[in-house]
Amino acid sequence: MTMTQKTLTPDALAGMAAAFQRAQTARGTVDAETSALLRGIDIADGYRAGRALHERLVAGGLRPVGRKIGCTNTATWGKLGIDAPIVAHVYAQTVVNGAGDTVAVPWTTLHAPRIELELAFRLKATPVAGQSLEALIDCVDWVAPAIEVVDGHVDPAIGSPATILCDFGAHASLLLGEPIALAGLPPLTPATFAGITATLRVGETVLPGGAVNVMGNPLVSLATAIEIAAGLSAPIEAGEIVTTGALVGPVALEAGQQWRGRLSFAGRDDLTVGLDA
């Protein structure tokens, strides 16, 4: 048993959750005592700590409406010491609809913000862990281009996927562009999703990306999130919004910058989401 596992008692988990809330309010990093607990923390304890913070947020009035999936670029897994992505909650209070044109980012509430261009799914039916990708498509109501604003409150020197789980899942807000109902599109296959390409314009710089960065296919990311959530006894259900991880990014966010993300999907290249920082 590691020292971390011995230390993370229910009281320690509650104390860690409170420490992250204080750090968020102060727009800084967690205190030295919490940082010491985070050194060497594993994924299992990261999920336990994340659950403690989630319960605290819900008790404080936040309403969960979906999940985010992170660390979906399989090329980075060896360096990160993981063999699967990570999953955390998003809340009604952190989701911004109608971000297809521009939306102001609450810069003054953020510590070390970055943005990621993603695809968001809304589920119309409760998925089953392990079902085929073809069956999973039938569970999807709509997709939308999205920018997730991610933030952190941990010294990068000790940062890891496990500390991200403790730290709000690195989630600050989710900016949703115009939803596209799957019912209005030609018949879709898993290959349609694997063919998604994306660009994120940052000022005059255009950064490319696409499905290759999210386990090769956003549907695979979604299916993996469903399996992980089921294993945590917190299954993903109908009505939830689930993101894919970064098609492009993350990119450091600076006040005053102009951003616009664009996705090409199912013969359309007009799926955009933008913001004015």
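Summarised in this report is the structure supplied together with it. Keep in mind it's a predicted model, so treat the numbers as computed, not measured.

**Remarks on the overall build of the chain**
Part 1 of the argument: Looking only at helices and strands, the chain has nine helices and 13 strands in total.
Part 2 of the argument: Here the C-alpha atoms of the chain give a radius of gyration of 18 Å, agreeing with the 19 Å that 2.2 N^0.38 yields for 277 residues.
Part 3 of the argument: With the principal axes as the frame, the chain shows a C-alpha extent of 55 × 45 × 35 Å.
Part 4 of the argument: Within the chain, the proportion of its 277 residues that are buried is 51%.
Part 5 of the argument: Expressed as a percentage of contacts within the chain between residues at least 6 apart in sequence, the contacts between residues at least 24 apart total 75%.
Part 6 of the argument: Carbon and sulfur atoms form 54% of the exposed surface of the chain, whose accessible area is close to 12100 Å².
Part 7 of the argument: Counting 18 positive and 26 negative side-chain charges, the chain places the centres of these two groups 3 Å from one another.

**Description of the nonpolar core**
Part 1 of the argument: Core analysis: the biggest nonpolar cluster contains 49 residues, and Ile115, Leu119, Phe121, Val143, Phe193, Leu222 and Phe265 have the highest contact counts within it.
Part 2 of the argument: Sort the elements by how many residues they give to this core and helix H9 (residues 218–231) lands first, with seven residues.
Part 3 of the argument: With residues up to four places along the chain from it excluded, the contact list for Phe265 reads Val143, Leu185, Leu188, Thr192, Phe193, Ile196 and Leu271.
Part 4 of the argument: Residues Ile41, Ala52, Ala162 and Cys166 belong to the second largest nonpolar core, which totals 21 residues.

**Quick look at the pairing of strand S12 (residues 258–265)**
Part 1 of the argument: Residues Trp259, Gly261, Leu263 and Phe265 point to one face of S12 and are all buried, whereas Gln258, Arg260, Arg262 and Ser264, pointing to the other face, are not buried.
Part 2 of the argument: Pairing geometry for strand S8 (residues 197–202) and S12, over six bridges, is antiparallel. Of the residues in S12, the one forming a bridge with Leu200 is Gly261.

**Some thoughts on the packing of aromatic side chains**
Part 1 of the argument: In total, this model carries two aromatic pairs according to the counting rule given.
Part 2 of the argument: Ring centres of Phe193 and Phe265 lie 5.1 Å apart, and the angle between their planes is 50°; on these two criteria the pair is classed as tilted. In this pair, Phe193 sits in helix H8 (residues 190–194) while Phe265 sits in strand S12, placing the two residues 72 residues apart along the sequence. Taken as a pair, Phe193 and Phe265 share a single burial class, namely buried.
Part 3 of the argument: In this structure an aromatic cluster arises from ring pairing among Phe121, Phe193 and Phe265.

**Describing the pairing of strand S6 (residues 171–176)**
Part 1 of the argument: Counting buried positions along S6 yields five of six residues, so the element is predominantly enclosed.
Part 2 of the argument: Judged from the two bridges that link them, strand S3 (residues 95–96) and S6 form a sheet pairing that is parallel. The residue of S6 that forms the bridge with Val95 is Leu174.
Part 3 of the argument: Summarising the sheet, strand S5 (residues 140–150) and S6 pair through five bridges and their orientation is antiparallel. Note that in S6 the partner of Val150 across the bridge is His171.

**Describing the layout of surface pockets**
Part 1 of the argument: Of the volumes computed, that of the largest pocket is approximately 830 Å³.
Part 2 of the argument: Around the largest pocket, the lining comprises 36 residues; the ones closest to its centre are Cys71, Arg114, Glu116, Ile164 and Pro250.
Part 3 of the argument: If you list the elements that add at least two residues to the lining of the largest pocket, you get strand S1 (64–70), strand S4 (114–123), S5, helix H7 (161–166) and strand S11 (248–252).
Part 4 of the argument: Volume-wise, the second largest pocket comes out at about 640 Å³.
Part 5 of the argument: Forming the boundary of the second largest pocket are 31 residues, of which Leu57, His89, Tyr91, Phe168 and Gly169 lie nearest the centre.
Part 6 of the argument: Listing elements by their share of the lining of the second largest pocket, those giving two or more residues are helix H4 (43–59), strand S2 (86–91) and S6.

Thresholds, definitions, all that
- Residues numbered from 1 in each chain as written.
- Predicted model: local features only at pLDDT ≥ 70, side-chain atom pairs only at ≥ 80, totals over all residues.
- Heavy atoms only, no water.
- Helix = DSSP H or I, 4+ residues; strand = E, 2+ residues; numbered from the N terminus.
- Rg over C-alpha atoms; globule rule 2.2 N^0.38 Å.
- Buried < 20%, exposed > 50% of the residue type's maximum accessible area, 1.4 Å probe, protein only.
- Contact = heavy atoms within 4.5 Å.
- Areas by Shrake-Rupley, 256 points an atom, 1.4 Å probe, with all protein chains shown as cover.
- Lys, Arg positive; Asp, Glu negative; His and termini not counted.
- Charge placed at Lys NZ, Arg CZ, Asp CG, Glu CD.
- Core = buried A, V, L, I, M, F, W, Y, C linked by side-chain atoms within 4.5 Å.
- Pairing = 2+ DSSP bridges.
- Phe/Tyr/Trp six-rings, centres within 6.5 Å; stacked < 30°, edge-to-face > 60°.
- 1 Å grid on protein atoms, 1.4 Å probe; cavity = no way out; pocket = protein on both sides within 12 Å on 5 of 7 lines; lining within 4 Å.
- Points joined across faces, edges and corners; volume = space filled by probe spheres on them.

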